[in-house]
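Secondary and tertiary structure notes
For reference, the chains in residue letters:
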Amino acid sequence: MSESDATLLQWIAHAREGDQDAFAELVYSFTDAVYNLCYRMLGDGGEAEDATQETFIRAFYHLKSYDPSRSFKTWLLSIASNHAIDCLRKRRVQMHSLDETLEEGASLSLQSNEPLPEEVTLRNENSAIIQAMLNTLAPEYRIAVVLRYWYDYSYQEIASALNTTESAIKSRLFRARQMLADAHTVKPTRSRLESGRLRES
Amino acid sequence: MSDTLRQWMQESLDGVLSEELRHALFTSLQKDEQAAREYARLEDVDRVLASAPHMRAPRHLAVTIMARLAQTIEAQASLQELPREVRDAVMASLSLVMLATLPLMMSGAWLLLRTADPTLLAHVLARTVGLMRVVVAGQLHILDEVEAHLHDNPQLAAALMALLPAMLEGLLEAVEDANKDDEA
């Protein structure tokens, strides 16, 4: 066991006893990891902040259920994943209600302070395109892609975090990549347009 | 394109395909133009995703989390400060209040639905509203007293809560007396 692992386990042990300073160390160590997952899942900075807060609050109250033989980060990301998926499902219900309202005859106003999609793309092209691609995926597929690409998790680690089987994860990644490839082919990136060719390998 | 070939493509992108199978994959791709295009598309997606940056949390977020946690713990602690017997007494008193209020509400509803005499209805409504005002004012007064004594003398607070049903009972008796006077 490395020194950092021993320190981590010590923080966890103290936090389990209600030591807020020890828990603060855990928060400082993993805020970026949890926030990135929430951001990639939800696609919105404000919602990602809320989800990150909720993840740590839940983690604090369920620390006793954490098995120290497993990775703490995976356990934490598992909580974040479940919460983010719940948020997306709730949002989908809300969006559905909005669609129904619009179908009843109201028109959607496009007057907004939000920057145009083109401006967003120009500002942070790569990140925005990736996020737009991710947003096309269902939550279960999106989380598999996020854990695979942003956390470099193996099939087994993703399955463990999402409490499912390796074959289910392989299947989700397989379908997710195909869906993304379809979306990506339809909307090629600006840099590819500028270079005037689509990559053929 | 076979399922095996698709599986090899995915495993190749995930870096879990053996060297031997990887060789077999590329041999197949050289022979199958459609499969080669599909692999190129998937490879493209893989490259884009692999280049994605990590989003860093705003600087204030960790502090915000700890502040919210402290608030949550404090709120829970203040709830747990109430002795069990006080919490039980509060629950019992509130249940009694509900039970005592129920006949009043039902009789009011019955009168509203049944009466055909507007004068009688106005009279009943005025009396009911007046009674409810007295009840609410009395309850608020008792609850203020309960709140004031909750921490220093929880037993007294529980006893005060128990006064609520007694107060309602007294009011109902007063109403009955008033009705008898009206009839006389």
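Scroll up a little and you will see the structure.
Attention in this report is confined to the structure presented alongside it. Computed from a predicted structure; not experimentally measured.

All right, on to the layout of surface pockets then. Residue and element names in this part refer to chain B. A volume near 390 Å³ is recorded for the second largest pocket. Elements supplying a minimum of two residues to the lining of the second largest pocket: α5 (84-114), α6 (118-149) and α7 (154-183). If you tally residues by element for the lining of the second largest pocket, the top one is α7, at seven residues.

Our next topic: unusual backbone geometry. Residue and element names in this part refer to chain A. At Asp152, a residue that is not glycine, the phi angle is positive and equals roughly 55°. Along the polypeptide, Asp152 turns up in the loop between α7 (139-149) and α8 (155-162). Residue Asp152 is classed as exposed on the basis of its relative accessible area of 59%. Although it is not a glycine, Asn163 adopts a positive phi angle of roughly 55°. Relative to the helices and strands, Asn163 is located in the loop between α8 and α9 (166-186).

Moving on to the interface of chain B and chain A. Listed by partner, the interface residues are 41 residues for chain B and 44 residues for chain A. For the pair chain B and chain A, the summed buried surface comes to about 4000 Å²; carbon and sulfur atoms form 60% of the total. Summed over the shared surface of chain B and chain A, the number is six salt bridges. Residues A:Lys170 and B:Glu11 are paired through a salt bridge, measuring 2.7 Å at the closest nitrogen-oxygen approach. Where chain B touches chain A, the interface holds 18 residue pairs in polar contact (both at pLDDT 80 or more). When residues of the side of chain B that touches chain A are traced back to their parent elements, those giving at least two are α1 (3-13), α3 (33-50) and α4 (61-80) of chain B. Here the side of chain B that touches chain A takes 13 residues from α3(B), the largest share from any one element. Counted by class, the side of chain B that touches chain A contains 21 nonpolar, eight polar and 12 charged residues.

All names here are of chain B. For the structure shown, the criterion picks out one cavity of 30 Å³ or more. Considering the residues around the largest cavity, the lining is formed by Ala100, Thr101, Leu104, Leu131, Val135, Leu168, Leu171 and Leu172. Only α5, α6 and α7 provide two or more residues apiece to the lining of the largest cavity. Class assignment of the residues belonging to the lining of the largest cavity gives a composition of seven nonpolar, one polar and no charged.

Quick look at helix α3 (residues 45-61) of chain A now. For an α-helix, the turn length of 3.6 residues means that residues three or four places apart are oriented alike. Here α3(A) contains 17 residues, and its C-alpha end-to-end distance of 25 Å stays within 8% of the 24 Å for a straight helix at 1.5 Å per residue. For α3(A), the N-terminal capping position is held by A:Asp44, with its side-chain oxygen 3.1 Å away from the main-chain nitrogen of A:Gly46.

Residue and element names in this part refer to chain A. All told, the structure shown has 10 aromatic pairs over all chains when counted by the stated rule. Arranged with centres 5.6 Å apart and planes meeting at 35°, the rings of Phe72 and Trp75 form a pair that is tilted. Taken together, the residues span about one helical turn, with Phe72 and Trp75 both in helix α4 (residues 72-103) at a distance of three residues. Across this residue pair, the class does not change: Phe72 and Trp75 are buried. Ring-pair connections join several aromatic residues into one group, and the members of that group are Phe23, Phe56, Phe60 and Tyr61. The ring of Tyr149 has Arg148 sitting right over it, with the charged end atom 5.9 Å from the ring centre.

This next bit is on α3(B). Residue and element names in this part refer to chain B. Here α3 is 18 residues long and its end C-alpha atoms lie 25 Å apart, about the 26 Å a rise of 1.5 Å per residue gives. When α3 is considered as a whole, its buried residues turn out to be Ala35, Glu38, Tyr39, Ala40, Leu42, Asp44, Val45, Asp46, Val48 and Leu49. With a side-chain oxygen positioned 3.1 Å from the backbone nitrogen of Gln34, the residue opening α3 is Asp32.

Our focus in this paragraph is the nonpolar core. Core analysis: the largest hydrophobic core is formed by 79 residues, its most contacted members being A:Phe23, A:Phe72, A:Leu147 and A:Trp150. Looking at this core, the element that brings in the most residues is helix α2 (residues 20-42) of chain A, giving 14 residues. Apart from the residues lying within four places of it in its own chain, the contact partners of A:Phe23 are A:Ala15, A:Phe56, A:Phe60, A:Leu63, B:Met66 and B:Leu69. One finds B:Val97, B:Met161, B:Leu168 and B:Leu171 within the second-largest nonpolar core, a separate group that totals 13 residues.

Turning next to the environment of B:Pro165. All names here are of chain B. Following the sequence through the fold, Pro165 ends up in helix α7. Between the C-alpha atom of Pro165 and that of Leu99, which follows or precedes it by 66 residues, the distance is 8.8 Å. Once residues within four sequence positions are removed from consideration, Pro165 is found in contact with Leu96 and Val97.

Right, let's get into the environment of A:Arg58. All names here are of chain A. Examined against the element boundaries, Arg58 turns out to sit in helix α3. Between the alpha carbons of Arg58 and Leu76 there is a distance of 9.4 Å; along the sequence they are 18 residues apart. There is a polar contact of 3.3 Å between the side chain of Arg58 and the side chain of His83.

On to the side chain of B:Asp14, then. Along the chain, the position of B:Asp14 falls in the loop between α1 and α2 (19-31). The class for B:Asp14 is buried, based on a relative accessible area of 9%. Within the local environment of B:Asp14, its side chain forms a polar contact with the side chain of A:Tyr155, the two groups lying 2.4 Å apart. Setting aside its immediate chain neighbours within four residues, B:Asp14 contacts A:Arg148, A:Tyr155, A:Leu173 and A:Arg177.

Definitions and limits used
- Residues numbered from 1 in each chain as written.
- Chains lettered and ligands numbered in written order.
- Predicted model: local features only at pLDDT ≥ 70, side-chain atom pairs only at ≥ 80, totals over all residues.
- Heavy atoms only, no water.
- 1 Å grid on protein atoms, 1.4 Å probe; cavity = no way out; pocket = protein on both sides within 12 Å on 5 of 7 lines; lining within 4 Å.
- Points joined across faces, edges and corners; volume = space filled by probe spheres on them.
- Helix = DSSP H or I, 4+ residues; strand = E, 2+ residues; numbered from the N terminus.
- Buried < 20%, exposed > 50% of the residue type's maximum accessible area, 1.4 Å probe, protein only.
- Contact = heavy atoms within 4.5 Å.
- Buried area = accessible area lost by both parts, 1.4 Å probe.
- Salt bridge = Lys/Arg side-chain N within 4 Å of Asp/Glu carboxyl O.
- Polar contact = N/O pair within 3.5 Å; in protein donor to acceptor, adjacent residues only side chain to side chain.
- Nonpolar A, V, L, I, M, F, W, Y, C, P; charged D, E, K, R; others polar.
- Expected span 1.5 Å × (residues − 1).
- Phe/Tyr/Trp six-rings, centres within 6.5 Å; stacked < 30°, edge-to-face > 60°.
- Lys NZ or Arg CZ within 6 Å of the ring centre and 35° of its normal.
- Core = buried A, V, L, I, M, F, W, Y, C linked by side-chain atoms within 4.5 Å.

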